[in-house]
Amino acid sequence: MSFIHDDFLLSSSQAVRLFHEYAEHEPILDFHNHLPPDEIANNRKFENLADAWLESDHYKWRAMRANGTPEELVTGNGDPKEKYLAWAATIPHSLGNPLYHWTHLELKRCFDIDTLLGPETAEEIWEAANAKLQAPNFSAHGMLEKFQVNALCTTDDPAAPTTDHERIAADDHVGTGVYPTFRPDKAWGVGDAPSFLNWIENLEIQADKEINHLNDFLECLARRVNHFHEIGCRLSDHSFPTFPSSFPNEGRARQIFADVLDGVSANTEDENNFTGFIMLFLGRLYQAKGWTMQVHLGPLRNNSSRLLKEFGPDAGTDSIGDRSQADNMRAFLDKLDKDESLPKTIIYNNNPADNFTVATMLGNFQRDIPGKMQFGSGWWHLDQRDGMEEQIKTLANVGLLSHFVGMLTDSRSFLSFPRHEYFRRILCNLLGNWMEEGFVPDDFELIGNLTKRVCYANAKNYLGLEIS
């Protein structure tokens, strides 16, 4: 039997039926990823498996380093095939890691290759996959069609142009709805005045307005929110170690901003204050637009100063942060809620110790919309079977699993859409086992319809994207 077989990860008859009858054929709405819009606009074709697999995958980079791979073959200028061979030498050591499952799901679903990857099979897999990559249906557009991706949302800096999204929207050959996501994390980078001022210059160009004081800056952000909305955006995205919880008055924010315009970097306290001020401003804009605010909470980033200097951020040296979350989260959400300005919100937690803290805090602010405050799917280091199951069980214990908006790839690779299948199999196995043990009713209409909603319909209804 092939490793990736029809009933992979499904351990009960109920799980098998849930997956094949209710989950397997649902389309994909990938509402958070890092796919480059220009690659969709240009319908990129990949030269080889290394380009498609290893170009920007920091999950694989971490595993390769753990296997002793020289950095030249991880993020360096090594030959693409040599990089691929280094990955092939790593994968047999990754048993128990989701990379092992993802790799073989992608080989099976993308290339119809059943062979286990390793040093002995690397050459034949390289040749077979590369031959298929030359076919038209392995272009960026072809991959989206192959995996029934009805819609996806990229991650986009408001100070960058959106011309690629506009090209995609005008291209009749793209059957997938492709939407930007408003990611303004550099908008509070006042602790590094030179970098912030460079970013401000780009924002001025995109917003078509000169920035001389705080009101100009706020107007530029609002203009970009309006522009993003006009081209289909309905989500923002942010990442914080903890929620901002210091909220200065406008006068203090105005002074912090004026100092930075004069080239004076803010200290840590003022940077935190400015972050809180801007996030409240943006949160109110999101609520007025009917957007969903996504927050990725808890990572400790760029822990290797050596790799940060050599490669830059996103080198695969980020970890789970161990911080207190409840007080800051309460302060931020309550501030917007009492002003009637709290938007729909999805929180993705990076520390499993905080699962119940995050899920119960979100429950305090549910209002008017079913599932308005969402405990998002297992993220980053929790994007694996145990992490996904614990997130689902936490949500079921203290919230309403039936309204859960489900899975996303958070990926930079067009080969990663089988991660939706991976999630669906894990979901169906958990629910199927609950049915078998009598923890939930052995009722396929009840549990099967819940499964279908979590796989697709909940996200479609919740996000408000204009999906055909």
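Residues numbered from 1 in each chain as written. Predicted model: local features only at pLDDT ≥ 70, side-chain atom pairs only at ≥ 80, totals over all residues. Heavy atoms only, no water.

A. Quick look at the pattern of salt bridges. In total, this model carries 26 salt bridges according to the counting rule given. In this structure, the salt-bridge partner of Glu 340 is Arg 367, at a minimum N-O distance of 2.9 Å. Of this pair, Glu 340 sits in the loop between helix 15 (326-338) and strand 8 (344-349) while Arg 367 sits in the loop between helix 16 (355-363) and strand 9 (373-375); the two residues are 27 residues apart in sequence, bridging distant segments of the chain. (Salt bridge = Lys/Arg side-chain N within 4 Å of Asp/Glu carboxyl O. Helix = DSSP H or I, 4+ residues; strand = E, 2+ residues; numbered from the N terminus.)

B. Molecular detail of the pairing of strand 8. Of all 6 residues in strand 8, 6 are buried, a share of seventy percent or more. Taking every second residue as pointing to the same face, both faces of strand 8 are buried, with Lys 344, Ile 346 and Tyr 348 on one and Thr 345, Ile 347 and Asn 349 on the other. Relative to strand 9, strand 8 is paired through 3 bridges, and the arrangement is parallel. Residue pairing in the sheet places Ile 347 in a bridge with Phe 375 of strand 9. (Buried < 20%, exposed > 50% of the residue type's maximum accessible area, 1.4 Å probe, protein only. Pairing = 2+ DSSP bridges.)

C. Structural detail: unusual backbone geometry. For Leu 9, which is not a glycine, the phi torsion comes out positive at approximately 70°. Looking at the secondary structure, you find Leu 9 in the segment before helix 1 (13-23). Residue Asp 112 is not a glycine yet carries a positive backbone phi of 55°.

D. Representation of the packing of helix 16 against helix 17 (residues 385-398) within the structure. Running from N to C, helix 16 and helix 17 cross one another at 40°; their axes reach a closest spacing of 10 Å. On the basis of the axis angle, helix 16 is oblique to helix 17. Crossing hand, helix 16 versus helix 17: right-handed. Touching Asn 355, Phe 356, Ala 359 and Thr 360 of helix 16 are Glu 390, Gln 391, Thr 394, Asn 397 and Val 398, all from helix 17. Within the contact of helix 16 with helix 17, the residues separate by chemical class into 3 nonpolar, 5 polar and 1 charged. (Axes fitted to C-alpha atoms, helices over the stretch in contact; angles between N-to-C directions. Parallel < 35°, antiparallel > 145°, perpendicular 65-115°, else oblique. Left-handed = near helix turned anticlockwise from the far one by under 90°. Contact = heavy atoms within 4.5 Å. Nonpolar A, V, L, I, M, F, W, Y, C, P; charged D, E, K, R; others polar.)

E. Region of interest: the environment of Glu 201. Turning to its location among the elements, Glu 201 is positioned in helix 10 (residues 193-207). Overall, the relative accessible area of 46% leaves Glu 201 in the partly exposed class. Taking the C-alpha atoms as reference, Glu 201 lies 44 Å from Thr 90; in sequence the two are 111 residues apart.

F. Spotlight on the sheet that holds strand 2 (residues 149-153). With respect to topology, 3 strands assemble into an open sheet ordered 1-2-3, the strand pairing being parallel. Each edge of the open sheet is held by one strand with a lone partner, namely strand 1 (28-30) and strand 3 (177-179). This sheet shows a mean twist of 5° between the axes of neighbouring strands, independent of strand direction.

G. Local environment of helix 5 (residues 80-90). Along helix 5, the positions that sit buried rather than exposed are Lys 83, Tyr 84, Ala 86, Trp 87, Ala 88 and Thr 90. Check the buried side of helix 5 and you find it contacts helix 3 (49-54), helix 4 (58-66), helix 6 (98-111) and helix 7 (122-133). Two to three positions downstream of the cap, the backbone nitrogen of Lys 81 sits 3.0 Å from a side-chain oxygen, assigning the N-cap of helix 5 to Asp 79. (Polar contact = N/O pair within 3.5 Å; in protein donor to acceptor, adjacent residues only side chain to side chain.)

H. Main features of empty space enclosed by the protein. Inspection of every chain in the model, using the stated rule, returns 4 cavities of 30 Å³ or more. For the largest cavity, the calculated volume is near 60 Å³. Residue assignment for the lining of the largest cavity shows that the elements contributing at least two residues are helix 18 (418-437) and helix 19 (444-463). Its residues assigned to classes, the lining of the largest cavity shows 8 nonpolar, 1 polar and 1 charged. (1 Å grid on protein atoms, 1.4 Å probe; cavity = no way out; pocket = protein on both sides within 12 Å on 5 of 7 lines; lining within 4 Å. Points joined across faces, edges and corners; volume = space filled by probe spheres on them.)

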